[in-house]
Amino acid sequence: MFVQLLYKTSLKNIVLAEFKIRVAQPNVLEEDAQAMYDAVITNHLGPGPIVTEFEEKMADYMGVKNAIAVNSGTSSMLLSLDALGIGNGDEVITTPFTFAATSNVIIQRNAHPIFVDIEPDTFNLDPKKIEAVITEKTKAIMPIDYGGQSAEILEINEIAEKHGLAVIEDAAPALGGVHKNKKVGSISTMTGFSFGPDKNLNTGEGGLIVTNDNELAEKCKILRKNGADRRYHHVEIGWNAKMPDPNAALGISQLKRIDEILDKKNQLADYYNKKLEGISEIITPTIRNYNKHTFMLYVILFKNNKLREKIRIGLENNGVETRINFPPLHLQPIYKKLYNFSNGMLPICEDISERVLGLPIFLKMTEEEQDYITDIIRKLVID
Ligand SMILES: Cc1ncc(COP(=O)(O)O)c(C=O)c1O
């Protein structure tokens, strides 16, 4: 089936592109839609008992004391910063190899992102480079779990503890991941998840904060409803970051099969690995043996940018959508403007960004589709 996608190459030039295989597809079954319908038809439209049930089930799933549902992954991190009182002039150590939300929230609060380079194999924040940039202004470390694989989160939490810092883990793609026998979400001071449409579990849009700190949890609950601890009684300057009941109903329905979803994602990744084996110009994802990956993304690494671009364009010409996860965040126009960042500042991130390619991965993907993609890659590499 061809999905038509309109995109602009310039303001004047609108091109119609056709993708036979999209890079991701939402995972929604009949029973999920029914759960949302049931919520709506019983007038559960705003945040209510279904959100509470979703939070309890999520806390149970991760073995944490508190789960607070919000309206996006971005909100989960913004509220975490607010709950920790991080803002004006504070510094937060983070990764440049991420979606913009991770460090945008830091800047939203007039704090500063201090970018540290990544590990060349997992593409996660390199813990060995953190201590060198800690100053008196540092308040937190904000790593991400790249593509769904945990960062070295125990080591990062140890560094944080040694220096009296908080860890806000951006686990947007990593629900259900495991690091050294601990569930992602159960280790850091606060962890944020995203449940956007492409995620392994989606609530339409949505997010979640988990923490074992009861005080921080209570603060997040207040912050997400304009700072009110009860109706018309405002004890903080918060925001509206609430998740509505129908979205939570979708989340509960999907949570029932999350482990099945992750098994299937791992099978798809294994099949890609097998099909790409022996192509010396390509490195398939590196997984540490103590991590369980969620494969929200399946990202391969090429020998050089020229080959990456050849394959990327070749796949596109054959109707296969891909993504570059991610362009270096510190080199985005607004970051260069605000902080005067320039090329060469974070060489590993910049180099990896030139060579990575995210391939399609979604639950209903077939072996035929994976064969189609890997055959094109193999042929183009040899040509
Ligand atoms: C690493 C990372 N952080 C944060 C976000 C933001 O999540 P949301 O789109 O739910 O706000 C995303 C979204 O994909 C992400 O990939």
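Residues numbered from 1 in each chain as written. Predicted model: local features only at pLDDT ≥ 70, side-chain atom pairs only at ≥ 80, totals over all residues.

*Asks:* Please clarify how the packing of helix α3 (residues 73-84) against helix α4 (residues 101-108) should be interpreted in this entry.
*Replies:* In contact at an axis separation of 9 Å, α3 and α4 are set at 40° when each is read in the N-to-C sense. For the element pair α3 / α4, the angle class is oblique. Our pair here, α3 against α4, has a crossing hand that is right-handed. Touching Gly73, Thr74, Met77, Leu78 and Leu81 of α3 are Ala101, Thr102, Val105, Ile106 and Gln108, all from α4. (Axes fitted to C-alpha atoms, helices over the stretch in contact; angles between N-to-C directions. Helix = DSSP H or I, 4+ residues; strand = E, 2+ residues; numbered from the N terminus. Parallel < 35°, antiparallel > 145°, perpendicular 65-115°, else oblique. Left-handed = near helix turned anticlockwise from the far one by under 90°. Contact = placed C-beta atoms within 7 Å.)

*Asks:* Could you clarify how one ought to interpret the nonpolar core in this entry?
*Replies:* Generally speaking, soluble globular proteins have nonpolar side chains that are buried together. Counting residues in hydrophobic clusters, the biggest one holds 98 residues, and the most contacted among them are Ala69, Ala140, Ile141 and Leu208. Discounting residues that sit within four places of it in the chain, Leu208 has contacts with Met58, Ala67, Ile68, Ala69, Val70, Ser76 and Phe193. (Core = buried A, V, L, I, M, F, W, Y, C linked by C-beta atoms within 7 Å. Buried ≥ 20, exposed ≤ 12 C-beta atoms within 10 Å, placed from the backbone.)

*Asks:* Would you mind showing me how to read the sheet that holds strand β4 (residues 91-94) here?
*Replies:* The strands that make up a sheet are held in pairs by hydrogen bonds between backbone atoms, and each pair lies either parallel or antiparallel. The strand order β3-β11-β10-β7-β6-β4-β5 describes an open sheet built from seven strands, whose pairing is mixed. Both edges of this open sheet fall to β3 (66-70) and β5 (112-115), since each of them pairs with a single strand only. Adjacent strand axes in the sheet meet at a mean angle of 25° when their direction is disregarded. Looking at chain direction, β4 and β5 are connected through four bridges and run parallel. Opposite Glu91, over in β5, you have His112 as the bridge partner. (Pairing = 2+ DSSP bridges.)

*Asks:* Help me out: how do you make sense of the sheet that holds strand β8 (residues 178-179) in this one?
*Replies:* Overall, antiparallel pairing links the three strands, which are arranged β9-β8-β15 in an open sheet. In the strand order of this sheet, the two ends are held by β9 (182-183) and β15 (291-292), each with one partner.

*Asks:* Just to check I follow, could you spell out the domain arrangement of the protein chain for this structure?
*Replies:* Size of an interface: often given as the accessible area lost when the parts come together. Each assigned domain of the protein chain is listed here: domain 1 (30-255) and domain 2 (258-382). The interface of domain 1 with domain 2 comprises 30 residues on the first partner and 29 residues on the second. Among the elements of the structure, β8 and α7 (245-255) are those that each provide at least two residues to the side of domain 1 that touches domain 2. The residue makeup of the side of domain 1 that touches domain 2, split by class, is 14 nonpolar, twelve polar and four charged. (Domains from an automatic or database assignment. Nonpolar A, V, L, I, M, F, W, Y, C, P; charged D, E, K, R; others polar.)

*Asks:* Teacher, can you tell me more about the site of the ligand here?
*Replies:* Every one of the 14 residues lining the ligand counts as a neighbour, but Ser72, Gly73, Thr74, Ala172 and Ser194 are closest to it. Where the shell around the ligand is concerned, the elements lending two or more residues are α3 and α4. For the shell around the ligand, the class distribution of residues is five nonpolar, eight polar and one charged. (Near = placed C-beta within 6 Å.)

*Asks:* So what exactly am I meant to see when it comes to the environment of Ser342 here?
*Replies:* Along the chain, the position of Ser342 falls in the loop between α10 (333-339) and α11 (347-355). Residue classification places Ser342 among the exposed residues on the basis of 9 C-beta atoms within 10 Å. Separated by 95 residues in the primary sequence, Ser342 and Asn247 have C-alpha atoms spaced 41 Å apart.

*Asks:* Got a minute to help me understand the packing of helix α8 (residues 258-276) against helix α12 (residues 367-382) in this structure?
*Replies:* In helix packing, the relevant descriptors are the interaxial angle and the interaxial distance, both defined with respect to the helix axes. Interhelical geometry of α8 versus α12 gives an angle of 35° and a closest axis separation of 10 Å. Viewed along their axes, α8 and α12 form a crossing whose handedness is right-handed. Mapping the contact onto sequence places Tyr271, Tyr272, Lys275 and Leu276 in α8 and Glu367, Gln370, Asp371, Thr374 and Ile377 in α12.

*Asks:* Help me understand α3, please; the structure alone is not making it clear to me.
*Replies:* Two residues of an α-helix separated by three or four positions point the same way, owing to the 3.6 residues in each turn. For α3, built from twelve residues, the straight-helix expectation of 16 Å at 1.5 Å per residue is met to within 8% by its first-to-last C-alpha distance of 17 Å. Across the twelve residues of α3, twelve count as buried, placing the element largely inside the fold. Where α3 is concerned, the buried positions are Gly73, Thr74, Ser75, Ser76, Met77, Leu78, Leu79, Ser80, Leu81, Asp82, Ala83 and Leu84. Looking one or two residues beyond α3, the residue adopting positive phi is Gly85, at roughly 70°. (Expected span 1.5 Å × (residues − 1).)

*Asks:* It is not clear to me how unusual backbone geometry should be interpreted in this structure. Could you clarify?
*Replies:* A negative phi angle characterises most non-glycine residues, just as the trans form characterises most peptide bonds. Here the residue pair Asn325 and Phe326 is connected by a cis peptide bond, since its omega of 10° sits within 30 degrees of zero. Mapping Phe326 onto the fold places it in the loop between α9 (305-317) and α10. One non-glycine residue, Tyr232, lies in positive phi territory at about 60°. Within the fold, Tyr232 resides in the loop between β12 (228-230) and β13 (233-234). Residue class for Tyr232 comes out exposed when judged on the 6 C-beta atoms lying within 10 Å of it. Of note in this structure, Phe295 is not a glycine but carries a positive phi near 45°.

*Asks:* Can you walk me through helix α5 (residues 153-163) in this structure?
*Replies:* Along α5, the residues that are buried comprise Ile153, Ile156, Asn157 and Ala160. Buried residues of α5, viewed axially, fall in a sector of 100°; they line one side. Elements in contact with the buried residues of α5: β6 (138-142), β7 (166-170) and β8. Note on α5: the residue one or two positions beyond its end, Gly164, has a positive phi of about 70°. (Arc of directions from axis to C-beta.)

*Asks:* Which parts of the structure should I look at to understand the environment of Leu276?
*Replies:* As for its placement among the helices and strands, Leu276 is situated in helix α8. The exposure class of Leu276 is partly exposed, given the 19 C-beta atoms found within 10 Å. On a C-alpha basis, the gap between Leu276 and Met77 in space is 36 Å, while along the polypeptide they are 199 residues apart. Beyond its immediate stretch of four places on either side in the chain, Leu276 contacts Ile282, Thr284, Ile300, Thr374 and Ile377.

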